[in-house]
Amino acid sequence: ERLFGELFGSPQANGLQHMFFAERAAPKPPGVAIDAAAAAAVSRVGIVGGGTMGAGIAQAFVDAGVPVTLVETSADAAAAARERVATSYRRSSAFRSGRLTEAALGAKLARLECAAELGALAECELVIEAVFESMALKKELFARLDAVCATTAFGVGIDVPNVRFVFVGNVRRRRRRLEPSPRPR
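Since the model is a prediction, treat every value here as computed from it, not as a measurement. (Residues numbered from 1 in each chain as written. Predicted model: local features only at pLDDT ≥ 70, side-chain atom pairs only at ≥ 80, totals over all residues. Heavy atoms only, no water.)

Undergrad: Explanation requested: the overall build of the chain in the structure shown.
TA: For the chain, the helix and strand inventory stands at eight helices and seven strands. Residue burial in the chain is summarised as follows: out of 185 residues, 32% are buried. Considering only residue pairs separated by 6 or more positions, the chain has 54% of its internal contacts joining residues 24 or more positions apart. Approximately 11500 Å² of the chain is accessible, and the part contributed by carbon and sulfur atoms is 60%. (Helix = DSSP H or I, 4+ residues; strand = E, 2+ residues; numbered from the N terminus. Buried < 20%, exposed > 50% of the residue type's maximum accessible area, 1.4 Å probe, protein only. Contact = heavy atoms within 4.5 Å. Areas by Shrake-Rupley, 256 points an atom, 1.4 Å probe, with all protein chains shown as cover.)

Have a look at this one:
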């Protein structure tokens, strides 16, 4: 009992208790209403860029059951992006162990549409850019998305080297730039 009392009030115990409650509070930030039904209501996600990052983002949405339209610069690049996603699944331990069957993989890949024209994003409610890290290219892309996306589409741009969001908001109006956060050292 004495030892328990000493340990219970220790700085290490206080730190562990703080971490325990912080982990449970993190998914529920104060002042932010999280509507799971609204989040699940996204019927299609568009991704511009099918490289490593774009293919990984597409795979995450496909795994969540959300149909994805992935747009690349050419038909060949779109086919390569689709193959990149398929190869990632085939290399997974789930596929190699048989937990992900060829039929289940086919069903996942059926939720992935790859195209070479931005017009394919017209029905997407969320558009994520995963293009080459050039701010000028990203700005040009969002200007072009204005012409093809629905007025309610929501777009997100990411600056990977600095790991910060660049643009977030409605693709066609009220876009705002988020201020960069300092890089961790």
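Undergrad: Which parts of the structure should I look at to understand the packing of aromatic side chains?
TA: Each aromatic ring pair is characterised by the separation of its centres together with the angle its planes make. Throughout the structure, instances matching the rule amount to two aromatic pairs. Geometry around Phe20 places Arg24 over its ring, the cationic atom sitting 3.7 Å from the centre. (Phe/Tyr/Trp six-rings, centres within 6.5 Å; stacked < 30°, edge-to-face > 60°. Lys NZ or Arg CZ within 6 Å of the ring centre and 35° of its normal.)

Undergrad: How do you make sense of the environment of Ser43 when you look at a structure like this?
TA: Within the fold, Ser43 resides in the loop between helix H3 (36-40) and strand S1 (45-48). The class for Ser43 is partly exposed, based on a relative accessible area of 42%. Between the alpha carbons of Ser43 and Val66 there is a distance of 6.6 Å; along the sequence they are 23 residues apart. Excluding residues within four positions of it along the chain, Ser43 makes contact with Pro67 and Glu125.

Undergrad: Please explain the packing of helix H4 (residues 52-63) against helix H5 (residues 75-91) as it appears in this structure.
TA: Relative orientation and spacing of two packed helices are given, respectively, by the angle between their axes and the distance between those axes. The interhelical angle for the contact between H4 and H5, taken along N-to-C directions, is 65°, at an axis separation of 9 Å. Viewed along their axes, H4 and H5 form a crossing whose handedness is right-handed. Between H4, through Thr52, Ala55, Gln59, Val62 and Asp63, and H5, the contact on the second element is made entirely by Arg84, Val85, Ser88 and Tyr89. Among the residues making up the contact of H4 with H5, the classes are represented as four nonpolar, three polar and two charged. (Axes fitted to C-alpha atoms, helices over the stretch in contact; angles between N-to-C directions. Left-handed = near helix turned anticlockwise from the far one by under 90°. Nonpolar A, V, L, I, M, F, W, Y, C, P; charged D, E, K, R; others polar.)

Undergrad: Please explain H5 as it appears in this structure.
TA: Taking 1.5 Å of rise per residue, 17 residues should cover 24 Å, and H5 covers 24 Å from first to last C-alpha, within 8% of that figure. Of all the residues in H5, the buried ones are Ala77, Ala78, Ala81, Val85, Ala86 and Tyr89. Next to the buried residues of H5 lie H4, strand S2 (68-71), helix H6 (93-97), helix H7 (102-110) and strand S3 (112-115). (Expected span 1.5 Å × (residues − 1).)

Undergrad: Before we go on, may I ask you to explain the confidence of the model for the chain in this structure?
TA: Interpretation of the predicted coordinates at a detailed level should be avoided for regions scoring low in pLDDT. Predicted confidence across the chain gives a mean pLDDT of 80, with 75% of residues reaching 70 or more. Element-level mean pLDDT values for the chain span from 44 in strand S7 (residues 176-177) up to 97 in S3. Counting interchain partners and residues more than four positions distant, the pLDDT-below-50 stretch residues 172-185 has 22 contacts. (pLDDT = per-residue confidence, 0-100.)

Undergrad: Help me understand the nonpolar core in this model?
TA: Of all hydrophobic cores here, the largest spans 21 residues; its most connected members are Ile47, Tyr89, Leu109 and Leu112. Those elements giving two or more residues to this core turn out to be S1, H4, S2, H5, H7 and strand S4 (126-129). For Leu109, the contacting residues outside a window of four places in its chain are Arg82, Val85, Ala86 and Tyr89. Formed by eleven residues, the second largest nonpolar core is a distinct cluster that contains Val48, Cys124, Leu141 and Phe142. (Core = buried A, V, L, I, M, F, W, Y, C linked by side-chain atoms within 4.5 Å.)

Undergrad: Sorry if this is basic, but what is going on with the pattern of salt bridges here?
TA: Scanning all chains against the criterion turns up four salt bridges. Ionic pairing is found between Glu23 and Arg24, a salt bridge with its closest N-O pair at 3.7 Å. For Arg24, a relative accessible area of 44% gives the class partly exposed. Between Lys108 and Asp63 there is a salt bridge, with its nearest N and O atoms 3.0 Å apart. One end of the pair, Lys108, is in helix H7; the other, Asp63, is in helix H4, and 45 residues separate them in sequence. (Salt bridge = Lys/Arg side-chain N within 4 Å of Asp/Glu carboxyl O.)

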